[in-house]
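# An overview of the molecular structure
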Amino acid sequence: MVEPVGNQYVVARPVYSENLFNEEHEKLHRYHKTFWDHLKLYFRCSPQRVKKIALGLFPVISWLPAYRFREWILSDIVSGINTGLVAVLQGLAFALLVNVPPAYGLYAAFFPVLVYFIFGTSRHISVGPFPVLSLMVGGAVVRLVPDDSAGNGTSTNISAINEERVMVAASVTFLSGVFQLLLGIVQFGFIVIYLSQSLISGFTTAAAIHVVVSQLKFMLQLPVPGFNKPFGIIYTLESVFSQITKTNIADLITSLLVLLIVFVVKEMNDRYKAKLPTPIPIELLVTVLAALISYFVNFEEKFDVAVVGKLEEGFQTPVAPDVGVLQKCIGDSISIAIVGFAVAFSVAKVYSIKHDYPVDGNQELIAFGLGNIVGGSFKGFASSTALSRSGVQESTGGKTQIAGIISAGIVLIVILAIGFLLAPLQKSVLASLALGNLKGMLMQFKEVGILWRKDKYDCVIWMVTFLAAVFLGLDIGLATAVAFQLLTVVIRSQIPSCTVLANVGRSNIYRNRKDYTDIYEPEGVKIFRCSSPIFFANIEFFREKLITAVGFNPLRVLRKRNKALRKIRKKLKKGELQVTPKGLICMVNNPHESDEELDNNRIEELDQPTNMTDLPIQINWNSDLPPGITVPRVDIHSIILDFSAVSFLDFSAMRVLQKTLKEFVRINIDVYIAGAHEGFLDKLERCAFFDEEIKPSMFFLTIHDTVLHILLKKDIASSPKLKLPEKGSSNNHIIIPSNGLRSRECTIATETKF
């Protein structure tokens, strides 16, 4: 019964152990589905299930018929045109990161958009090249087709190298798409949970550093070979600075001017985005202006700058992936598949929350997998979503993926008709545009200080991820970061938070005794909380913390008591001890006996429960013992283990816990477990945890129930007229313990009501 009294409540109910509660309240026996039940349900076929699968596999069927044409079409057209222009320039720029001719970046900006329109679940992300993925694909390309294989550098050899690199990029993309598709089919969308926000932030920041370094050769026009190996960034910088005197000044000046203009205008876009009807398309303006100046001034001949050159019109014939390449880039493809999905799903999740619609992680895997398979077949490279491009699509009013289709139409026009206008554009301009899109990633350095103040574990994960990805490379760095992140989880669970609790404010609330002044501890009772699952890796830590909390090792006390009993029996037999009404009296002076002799005599019996049935007197171990016999004093009679935060207990930990509890029971200390979750007791029974010493009656619903039970039990022991309530009788009562509660200031409460 609960009675509200102002801003307080009064609860009247029995003191419940787990057994008593289950006896008084009938529990429903629910049928838990087995693996085979789930399997049958998954493969069950019905018209409703077929419809659900079709709508899930082709989300376009759900949202396209409900499209509000009059309300949304204009916004989607404006958004699609703006996004398409950005996609063209980013496709050309990010192709440099892949080390393939710029035209192939247009294919990566076209085909995945068409596939995502049909299979994707996000309405706002812009699918296409992403600098981190482009750099990862470029790493595999450089490793399999290095620069030094160009021989004498003739145009024929360069063309052959480019063809080979395009094939490698397409094959890596195809295989990463296959991995994503398989993960989506087997419902593995949850894999993204293993990439925390700190890890993704550190990884993308490191990737931004790699992008900056990789573009230096285009900005300075230096023949820098690719180094796709651990510490490759150092070798790249060494190669750049060793040739710094050969820098093309025209490319350098152009790059710096473009960077300055892009950064300034982007900052204006961010600052005045509320006042601007649409962001200033600075990338488009800079590209058009740079191409015109380069064409009319003839930069290529006058200053020997590197230009985009003629772009192939139309599409490439679809090709099958190179099997030899597939065998050599499995690791790269897995990394690309996971990183691409993680980044895209994170962005999609942000927009889905903002605009209140669901996104399906498994379906996103299928959509990106099919997009990469189709894109790789047409010689494109890996796609995901660029944060800046998705921001343009959403901020300019995009409502659905109709905007994506229109942006793909803009890319299509460039591929088929006006690509030749970009021929005089300097590659250094594209490199600068690629760097101009990294501002958001580079600004993530500010997160380090914030993370250090909020969560040092997350800060360390960020730093380790960043350093590993920068110096070991993106592929090895990602694997190292994930392994380190999982290691931190193991460390945190292996060293759980263990605290001693006390009653706060004489209520039913128990908190860490170190955090409050108004605390009360029942005399002779220790309340111990473990705030973590208990398993094989942390059970010894749990045991050590419990022993520290109670102040003695129960096994050592048990052995000391059994040794003392051996001595007492031996002395009684020799007549050195005599039984009197006042206890045992020593009859000899300076008694001495070797502990070593006793230790070596039937040592296996020392761990057994103490047995005093053959003695003429029951020994009180906390009273004065005969000379020459010392046993550690034990001042507690009950231990309460708060398992409310223990989500699971594995079999290895269960054996150690059982052994530890028996050690306490054998030295006459009652052990109770409070707050265990449902099913915990059933699991212990299935694993034969209970026996004559460890019984189910030790489990109670709450800490307060356990404390009340202990106080009532001790009062009954000190007052024989009192009796414990019989089974089935009412157990409502107010405890007024004779021994009271001990406060931190050592005052004794005359009356304590719970």
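Bear in mind that the values here come from a model prediction, so they are computed numbers and not experimental data. (Residues numbered from 1 in each chain as written. Predicted model: local features only at pLDDT ≥ 70, side-chain atom pairs only at ≥ 80, totals over all residues. Heavy atoms only, no water.)

### A few points about the overall build of the protein chain
- Counting its regular elements, the protein chain contains 30 helices and 14 strands.
- Whereas a compact globule of 754 residues would reach a radius of gyration of roughly 27 Å, the protein chain reaches 37 Å, over 25% beyond that.
- The buried share of the protein chain, taken over its 754 residues, is 48%.
- Put simply, of all contacts in the protein chain between residues at least 6 apart along the chain, 79% involve residues at least 24 apart.
- For the protein chain, the accessible area works out to roughly 38,000 Å², and carbon and sulfur atoms hold 61% of it.
- The centroid of the 74 positive side-chain charges in the protein chain is displaced by 3 Å from the centroid of its 65 negative side-chain charges. (Helix = DSSP H or I, 4+ residues; strand = E, 2+ residues; numbered from the N terminus. Rg over C-alpha atoms; globule rule 2.2 N^0.38 Å. Buried < 20%, exposed > 50% of the residue type's maximum accessible area, 1.4 Å probe, protein only. Contact = heavy atoms within 4.5 Å. Areas by Shrake-Rupley, 256 points an atom, 1.4 Å probe, with all protein chains shown as cover. Lys, Arg positive; Asp, Glu negative; His and termini not counted. Charge placed at Lys NZ, Arg CZ, Asp CG, Glu CD.)

### Side note on the packing of aromatic side chains
- Per the counting criterion, the structure on display carries 29 aromatic pairs.
- A ring pair is formed by tyrosine 107 and phenylalanine 315, whose centres lie 6.1 Å apart and whose planes are at 40°; its orientation type is tilted. Of this pair, tyrosine 107 sits in helix H6 (residues 103-108) while phenylalanine 315 is found in the loop between helix H14 (299-302) and helix H15 (323-328), placing the two residues 208 residues apart along the sequence.
- Taken together, a centroid distance of 6.2 Å and an interplanar angle of 70° make the contact between phenylalanine 552 and phenylalanine 664 edge-to-face. With phenylalanine 552 in the loop between helix H25 (539-550) and helix H26 (554-574) and phenylalanine 664 in helix H28 (residues 651-665), this residue pair connects regions lying 112 residues apart in the sequence.
- Assessed through its relative accessible area of 10%, phenylalanine 552 is described here as buried. (Phe/Tyr/Trp six-rings, centres within 6.5 Å; stacked < 30°, edge-to-face > 60°.)

### Some remarks on the pattern of salt bridges
- Counting across every chain of the model gives 14 salt bridges.
- Here arginine 543 and glutamate 663 are joined by a salt bridge, their closest N and O atoms 3.0 Å apart. Pair noted here: arginine 543 is in helix H25 and glutamate 663 is in helix H28, with a separation of 120 residues, a long-range link. Neither arginine 543 nor glutamate 663 differs from the other in exposure class; each is buried.
- Across the pair lysine 713 and aspartate 670 runs a salt bridge whose closest N-O atoms are separated by 3.2 Å. (Salt bridge = Lys/Arg side-chain N within 4 Å of Asp/Glu carboxyl O.)

### Details of unusual backbone geometry
- Phi angles above zero are rare outside glycine, and phenylalanine 231 is one such case at about 65°.
- Mapped onto the elements of the fold, phenylalanine 231 is located in the loop between helix H10 (197-220) and helix H11 (232-242).
- Accessibility expressed as a relative area gives 41% for phenylalanine 231, which makes it partly exposed.
- Located in the positive-phi region is arginine 506, a residue other than glycine, with phi close to 55°.
- Residue placement: arginine 506 occurs in the loop between strand S5 (498-504) and strand S6 (510-512).

### A closer look at the packing of H10 against helix H23 (residues 456-472)
- Following both chains from N to C, one finds H10 and H23 inclined at 30°, their axes separated by 8 Å at the closest point. With respect to their mutual orientation, H10 and H23 come out roughly parallel. For H10 against H23, the interelement crossing comes out right-handed. Residues Ser198, Leu199, Ser201, Gly202, Phe203, Thr205, Ala206, Ile209 and His210 of H10 lie in contact with H23, whose contacting residues are Asp458, Ile461, Trp462, Thr465, Phe466, Ala469 and Val470.
- Of the residues contributing to the contact of H10 with H23, the split by class is nine nonpolar, six polar and one charged. (Axes fitted to C-alpha atoms, helices over the stretch in contact; angles between N-to-C directions. Parallel < 35°, antiparallel > 145°, perpendicular 65-115°, else oblique. Left-handed = near helix turned anticlockwise from the far one by under 90°. Nonpolar A, V, L, I, M, F, W, Y, C, P; charged D, E, K, R; others polar.)

### With respect to the side chain of threonine 610
- Assignment of secondary structure puts threonine 610 in the loop between helix H27 (595-599) and strand S11 (638-642).
- On the basis of relative accessible area, threonine 610 is assigned to the buried category, the value being 19%.
- Excluding its chain neighbours within four sequence positions, the residues that come into contact with threonine 610 are Leu558, Arg561, Asn562, Leu565 and Arg666.

### Some points on the pairing of strand S8 (residues 525-530)
- Buried residues dominate S8, accounting for five of its six residues.
- Pairing geometry for S5 and S8, over four bridges, is antiparallel. Looking across to S8, one finds that leucine 501 is bridged to isoleucine 527.
- Here S8 runs beside S11; their pairing, made up of five bridges, is parallel. When the bridges of S11 are listed, valine 525 appears paired with serine 638. (Pairing = 2+ DSSP bridges.)

### Looking at a nonpolar patch on the surface
- Together, Leu182, Ile185, Val186, Phe188, Phe190, Ile193, Tyr194 and Leu486 line one region of the surface with nonpolar side chains, adding up to about 740 Å² of accessible area.
- Following the sequence through the fold, tyrosine 194 ends up in the loop between helix H9 (155-185) and H10.
- Here tyrosine 194 falls in the partly exposed class, since its relative accessible area comes to 40%. (Patch = residues over 30% accessible without salt bridge, like charges linked within 9 Å, V, L, I, M, F, W, Y side chains within 5 Å.)

### A short note on helix H17 (residues 361-377)
- Between its terminal C-alpha atoms H17 stretches 24 Å, which fits the 24 Å expected from 17 residues at 1.5 Å a residue.
- Of all the 17 residues making up H17, 15 are buried; the element is thus mostly covered by neighbouring parts of the structure.
- For H17, the N-terminal cap is aspartate 360; the gap from its side-chain oxygen to the backbone nitrogen of asparagine 362 is 3.1 Å.
- Of the residues trailing H17, lysine 379 is marked for its positive phi of about 70°. (Expected span 1.5 Å × (residues − 1). Polar contact = N/O pair within 3.5 Å; in protein donor to acceptor, adjacent residues only side chain to side chain.)

### Focus: the environment of valine 470
- Summarising the element assignment, valine 470 is placed in helix H23.
- Other than its neighbours up to four places away in sequence, valine 470 contacts Ala206, Ile209, His210 and Ile233.

### Let's talk about the side chain of asparagine 269
- Examined against the element boundaries, asparagine 269 turns out to sit in helix H12 (residues 249-271).
- On the basis of relative accessibility, which here comes to 11%, the residue asparagine 269 falls in the buried class.
- When neighbours within four sequence positions are excluded, asparagine 269 is seen to be in contact with Leu276, Pro279 and Ile280.

### Section: the environment of threonine 287
- Looking at the element boundaries, threonine 287 is found in helix H13 (residues 282-297).
- Exposure remark for threonine 287: the relative accessible area of 2% places this residue in the buried category.
- Sequence separation between threonine 287 and valine 429 is 142 residues; the distance between their C-alpha atoms is 7.4 Å.
- Not counting the four nearest positions on each side in its chain, threonine 287 is found in contact with Leu89, Leu422, Leu425 and Leu433.

### Concerning the packing of H25 against H28
- Contact geometry of H25 with H28 gives a least axis separation of 10 Å together with a crossing angle of 20°. Relative to H28, the element H25 lies roughly parallel. As H25 packs across H28, the resulting crossing turns out to be right-handed. In contact with Ile539, Glu540, Phe542, Arg543, Leu546 and Val550 of H25, H28 contributes Ala653, Val656, Leu657, Thr660, Glu663 and Phe664.

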